[in-house]
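# Structure assessment
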Amino acid sequence: LAITAAAPAAPFTTTSAQLRPALAETLHNLGAALGSCGLLKPAIEATTAAVAVLQSLPETTIKQAEALSNLSVLRSIDGDHEGARGAAEAAVMLLADQDAPAEHAHALSNLSAVLYTLGCHQRAALVAREAADILATPSSTKMMALFNLGLARAATGSPTEAIAAL
């Protein structure tokens with residue numbers, strides 16, 4: 001059986017600028033896949049590259065924030081908690097004026113987890129409460145935000161408020 005390629009109907013005219021959104025998505029997905037395999041350094045590199053590509057594209061604010069939020073998680077797992085905080089704060093800032101409540105709540109929840117790890121328990125509680133309040137209906141993000149709120153409140157010596165948060 002011989003397979004031959006037919007000549008294209010029109011010449012291939014895709015420019016590198018047209019491929020940049022696909023490149024960003026591919027790098028972001030690669031970072032997630034590598035991270036799920038425990039390959040943190042390459043995952044961080046791929047996700048950082050995705051953020052850089054997204055920053056060069058118009059109208060990608062929400063995707064940039066999602067990539068930054070994921071970068072925050074990867075950095076935190078890798079032990080770079082200050083780097084994680086920077087990425088999480090950047091994600092939250094990008095989403096502050098966007099109509100993307102689920103993404104904003106997710107970024108806030110990630111930020112609260114990093115703040116908790118850094119010992120900023122009061123701020124972690126405030127950020128977790130904000131994340132939980134954004135979402136009206138139960139979701140995994142809302143549950144994680146409430147869990148983070150409970151942890152932060154317990155760490156500040158407020159067990160009653162911690163139990164109430166859950």
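These numbers come from a predicted model, not from an experiment.

### Considerations on the overall build of the protein
- Scanning the protein from terminus to terminus reveals 8 helices and 0 strands.
- The order of α-helices and β-strands along the protein, N terminus first, is α-α-α-α-α-α-α-α.
- Here the protein holds 166 residues, and 37% of them are scored as buried.
- Put simply, 52% of the contacts in the protein that link residues at least 6 apart link residues at least 24 apart.
- Surface exposure of the protein reaches about 9,400 Å², of which carbon and sulfur atoms provide 61%.

### A word on unusual backbone geometry
- In the Ramachandran plot, Glu59 falls in the positive-phi region, its phi being about 55° despite a non-glycine side chain.
- Tracing the chain through its elements places Glu59 in the loop between helix 2 (40–55) and helix 3 (61–77).
- With relative accessibility at 81%, the residue Glu59 sits in the exposed group.

### Quick word on the environment of Arg123
- With respect to the helices and strands, the residue Arg123 is situated in helix 6 (residues 121–134).
- Separated by 12 residues in the primary sequence, Arg123 and Leu111 place their C-alpha atoms 9.7 Å from one another.
- Beyond its immediate stretch of four places on either side in the chain, Arg123 contacts Arg85, Glu89, Leu111 and Leu115.
- Separated by 3.0 Å, the side chains of Arg123 and Glu89 make a polar contact.

### Some points on the pattern of salt bridges
- Overall, the coordinates contain 4 salt bridges when judged by the stated rule.
- For Lys41, the salt bridge identified is with Asp78, shortest N-O distance 2.6 Å. A residue pair is termed long-range when its members are at least 10 positions apart, and Lys41 in helix 2 and Asp78 in the loop between helix 3 and helix 4 (81–95) qualify at 37 residues.
- Residue class for Asp78 comes out partly exposed when judged on its relative accessible area of 28%.

### Focus on helix 6
- With 14 residues, helix 6 ought to run about 20 Å at 1.5 Å a step, and its terminal C-alpha atoms sit 20 Å apart, in line with that.
- Along helix 6, the residues classified as buried are Ala124, Ala125, Val127, Ala128, Ala131 and Ala132.
- Looking at the packing, one finds that the buried side of helix 6 touches helix 5 (101–117) and helix 7 (140–155).

### Section: the layout of surface pockets
- Put simply, the largest pocket is a space of about 190 Å³.
- Pro21, Ala24, Glu25, His28, Asn29, Leu54, Leu57, Pro58, Thr60, Lys63 and Glu66 together form the lining of the largest pocket.
- Going through the elements one at a time, helix 1 (16–36) and helix 3 are the ones with two or more residues in the lining of the largest pocket.
- In terms of residue count, helix 1 provides more of the lining of the largest pocket than any other element does, 5 residues in total.
- Looking at the lining of the largest pocket residue by residue, the class counts come to 5 nonpolar, 3 polar and 3 charged.

### What about the side chain of Gln64?
- Assignment of secondary structure puts Gln64 in helix 3.
- With sequence-adjacent residues up to four places away left out, Gln64 is seen in contact with Leu54, Gln55 and Leu94.

Conventions we followed
Residues numbered from 1 in each chain as written. Predicted model: local features only at pLDDT ≥ 70, side-chain atom pairs only at ≥ 80, totals over all residues. Heavy atoms only, no water. Helix = DSSP H or I, 4+ residues; strand = E, 2+ residues; numbered from the N terminus. Buried < 20%, exposed > 50% of the residue type's maximum accessible area, 1.4 Å probe, protein only. Contact = heavy atoms within 4.5 Å. Areas by Shrake-Rupley, 256 points an atom, 1.4 Å probe, with all protein chains shown as cover. Polar contact = N/O pair within 3.5 Å; in protein donor to acceptor, adjacent residues only side chain to side chain. Salt bridge = Lys/Arg side-chain N within 4 Å of Asp/Glu carboxyl O. Expected span 1.5 Å × (residues − 1). 1 Å grid on protein atoms, 1.4 Å probe; cavity = no way out; pocket = protein on both sides within 12 Å on 5 of 7 lines; lining within 4 Å. Points joined across faces, edges and corners; volume = space filled by probe spheres on them. Nonpolar A, V, L, I, M, F, W, Y, C, P; charged D, E, K, R; others polar.

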